[in-house]
Amino acid sequence: MKLGDGVEAAIHCAALLAGVDGDGTLPGNVMAEAFGLSPSYLLKHLKALTGTKILESVPGPSGGYRLARSADKITLLDIVLAIEGREPAFRCGEIRQKGAYSLDPSAYVKPCGINVAMLKAERAYRTALAETRLSDIVADFTADADPRVVAASCAFVAQNQRPQISKARTINERKMP
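Residues numbered from 1 in each chain as written. Predicted model: local features only at pLDDT ≥ 70, side-chain atom pairs only at ≥ 80, totals over all residues. Heavy atoms only, no water.

- By the naming in an unreviewed UniProt entry, the protein is Rrf2 family protein, taken from Aminobacter niigataensis.

### Focus: unusual backbone geometry
Link 1 in the chain: Of note, the phi angle at Lys53 is positive, near 65°, even though the residue is not glycine.
Link 2 in the chain: Within the secondary structure layout, Lys53 lies in the loop between helix H3 (39-51) and strand E1 (55-58).
Link 3 in the chain: Accessibility expressed as a relative area gives 59% for Lys53, which makes it exposed.
Link 4 in the chain: Here Glu94, not a glycine, exhibits a phi torsion of approximately 50°, which is positive. (Helix = DSSP H or I, 4+ residues; strand = E, 2+ residues; numbered from the N terminus. Buried < 20%, exposed > 50% of the residue type's maximum accessible area, 1.4 Å probe, protein only.)

### Observations regarding the nonpolar core
Link 1 in the chain: Counting 33 residues, the largest nonpolar core has Met31 and Leu49 as the members making the most contacts within it.
Link 2 in the chain: If you list the elements that add at least two residues to this core, you get helix H1 (5-17), helix H2 (28-35), H3, strand E2 (64-67), helix H4 (76-84) and helix H7 (147-160).
Link 3 in the chain: Residues within four places of Leu49 in sequence aside, it is in contact with Ala10, Ile54, Leu55, Ile79, Ala82 and Ile83. (Core = buried A, V, L, I, M, F, W, Y, C linked by side-chain atoms within 4.5 Å. Contact = heavy atoms within 4.5 Å.)

### Considerations on the layout of surface pockets
Link 1 in the chain: By volume, the largest pocket is sized at about 400 Å³.
Link 2 in the chain: Forming the boundary of the largest pocket are 18 residues, of which Ala15, Leu16, Val138, Phe141 and Ser153 lie nearest the centre.
Link 3 in the chain: When contributions to the lining of the largest pocket are tallied by element, the ones reaching two or more residues are H1, H2, helix H6 (134-144) and H7. (1 Å grid on protein atoms, 1.4 Å probe; cavity = no way out; pocket = protein on both sides within 12 Å on 5 of 7 lines; lining within 4 Å. Points joined across faces, edges and corners; volume = space filled by probe spheres on them.)

### Structural notes on H3
Turn by turn, an α-helix covers 3.6 residues, leaving residues three or four places apart pointing in a common direction.
Link 1 in the chain: Its 13 residues give H3 an end-to-end C-alpha distance of 18 Å, which sits within 8% of 18 Å, the value for a rise of 1.5 Å per residue.
Link 2 in the chain: Those residues of H3 that sit buried are Leu42, His45, Leu46 and Leu49. All buried residues of H3 project into a common sector of 105° when viewed along the axis, lining one side. Of the exposed residues in H3, those oriented more than 90 degrees away from the buried face are Ser40, Lys44, Lys47 and Gly51.
Link 3 in the chain: Where the residues of H3 are buried, they touch H1, H2, E1, E2 and H4.
Link 4 in the chain: Following H3 by one or two positions, Lys53 has its phi on the positive side, about 65°. (Expected span 1.5 Å × (residues − 1). Arc of directions from axis to C-beta.)

What follows is the structure in structure tokens.
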């Protein structure tokens, strides 16, 4: 089973966003730079993650992206489905009924064994992805990656995140003499 490159990019970006403080954001072009990706390519995938409520897009000059819910509420399956869609990876075209030796449809009352096996494998794969939370990926990275990589990632987020100021705080600051 081959997943598109967008899945890798989406998971890496979501993991990076898990390190953003509070309501802060990271701009899409900054995440593209972090992973050596084209900004237009990455923005397409960030839009898909936003459309499925995995990410939240914050408009404006200090805007960007942030997780729409906590990392422990986002699974790898959520991200894969956002990027790849909900359709199974294997789609049986019932070619067994179309070839040179095809028979009357009444000969094919049992499901295609290949389709059954492939869908069983897909269910197992999706179950494994559903059991893995984004927070698990981040925790494993923090615990197992080379400390230099962890430090560089944390420094990148700290340097590039954009803090968000609440509207209530802005209004209160304007009232101050």
